[in-house]
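# Coordinate inspection notes
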Amino acid sequence: TAEDTLRQYQSYIDNNDFVNARLLSTPKEQARLVELEKIINEEVVVSQSESSLLHTIFHSIKCEKKEMYTECICELEDEYERYKQLFRLVQKDKYWLVDAPDEEIIINDEVLLNVIDSLKFPIDSLEF
């Protein structure tokens, strides 16, 4: 099921088993996992820690089938916090695969204000 796939996928991620996590992923998610693996490996080297493992608990999974995919909203908890996470899964043949999340657009308030300020011009410069 989609739920079983999510649980197994997250277990692989928690254990930094990116090879098996990629087996449960779409090509787009596989590419994202390659980048995530690089970040985790660099962090382990920098912090000289032997472990960057997590233990994620699924408190709830609510999946809704859409036209081309299934969305699952999960309430999760790890060593750091309890949070909600949206997963998108697609079915290929009879298997479920975790798809990459949509890109989040993060707009820094300061950058936004600078852009707005750069669009302003002094009234003194207007010619009537």
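Above this note sits the structure.
Figured I'd write up the structure that's included with this text. All values derive from a computational prediction rather than experimental measurement.

Time to look at the sheet that holds strand 3 (residues 82–92). The 4 strands are arranged 1-2-3-4 in an open sheet whose pairing can be described as antiparallel. Two strands close off the open sheet at either side, each with one partner strand: strand 1 (57–65) and strand 4 (95–99). Averaged over all adjacent pairs, the angle separating strand axes in this sheet is 30 degrees, with direction ignored. Across 8 bridges, the pairing between strand 1 and strand 2 (residues 70–77) is antiparallel.

Next up on the list: the nonpolar core. One finds Leu6, Tyr9, Cys72, Cys74, Phe87 and Leu89 to be the most contacted residues of the largest nonpolar core, which totals 17 residues. Contributing elements (two or more residues each) for this core: helix 1 (2–14), helix 2 (18–23), strand 1, strand 2, strand 3 and strand 4. Of the residues forming this core, the biggest block, 4 residues, is contributed by helix 1. Those residues in contact with Leu6, other than ones at most four positions away along the chain, are Phe58, Ile61, Cys72, Cys74, Phe87, Leu89 and Val98.

Let us now look at the pattern of salt bridges. Taken as a whole and judged by the stated rule, the model has 6 salt bridges. The salt bridge partner of Arg32 is Glu29, with a shortest N-O separation of 2.8 Å. Linking Arg32 with Glu29, this pair stays in helix 3 (residues 27–47), spanning 3 residues, or about one helical turn. The exposure class assigned to Arg32 is partly exposed, which follows from its relative accessible area of 36%. Residue class for Glu29 comes out buried when judged on its relative accessible area of 1%. The partner of Glu75 in a salt bridge is Arg82, and the shortest N-O contact between them spans 2.6 Å.

Right, let's talk about the environment of Val98 for a bit. Following the sequence through the fold, Val98 ends up in strand 4. In this structure, the C-alpha to C-alpha distance between Val98 and Glu71, residues 27 residues apart in sequence, is 9.9 Å. If we skip the residues at most four places from it in the chain, Val98 touches Thr5, Leu6, Tyr9, Leu24, Ser25, Thr26, Glu29, Phe87, Arg88 and Leu89.

Our focus in this paragraph is the state of the cysteines. Under the definition given, this model contains 1 disulfide. At a sulfur-sulfur separation of 2.0 Å, the disulfide partner of Cys63 is Cys72. Residues Cys63 and Cys72 are joined by a disulfide whose S-S torsion is about 105 degrees; by sign, that bridge is right-handed. Residue Cys63 is classed as partly exposed on the basis of its relative accessible area, which comes to 30%. Residue class for Cys72 comes out buried when judged on its relative accessible area of 0%.

Rules and cut-offs
Per chain, residues are indexed from 1 in the order of the written sequence. Selection of residues for local features in this predicted model requires a pLDDT of at least 70, selection of side-chain atom pairs for listing and counting requires 80 or more, and totals for whole chains, interfaces and linings are taken over all residues. Note: side-chain values were computed over all heavy atoms of the structure, leaving out hydrogens and water. Strands are labelled as partners when DSSP assigns at least two bridges between them. Numbering of helices and strands runs from the N terminus, with a helix taken as a DSSP run of H or I at least four residues long and a strand as a DSSP run of E at least two residues long. Interaxial angle, 0 to 180 degrees, is taken between N-to-C directions of lines fitted to C-alpha atoms, where a helix line uses only the stretch in contact. Residues grouped as a nonpolar core are buried Ala, Val, Leu, Ile, Met, Phe, Trp, Tyr and Cys residues, joined through side-chain atoms within 4.5 Å. Throughout this description, buried means an accessible area under 20% of the type-specific maximum (1.4 Å probe, protein chains only), exposed means over 50%, and partly exposed covers the range between. The contact criterion used is simple: two residues touch if any of their non-hydrogen atoms lie within 4.5 Å. One speaks of a salt bridge when a side-chain nitrogen belonging to Lys or Arg is within 4 Å of a carboxyl oxygen belonging to Asp or Glu. In what follows, a disulfide is any cysteine sulfur pair within 2.5 Å.

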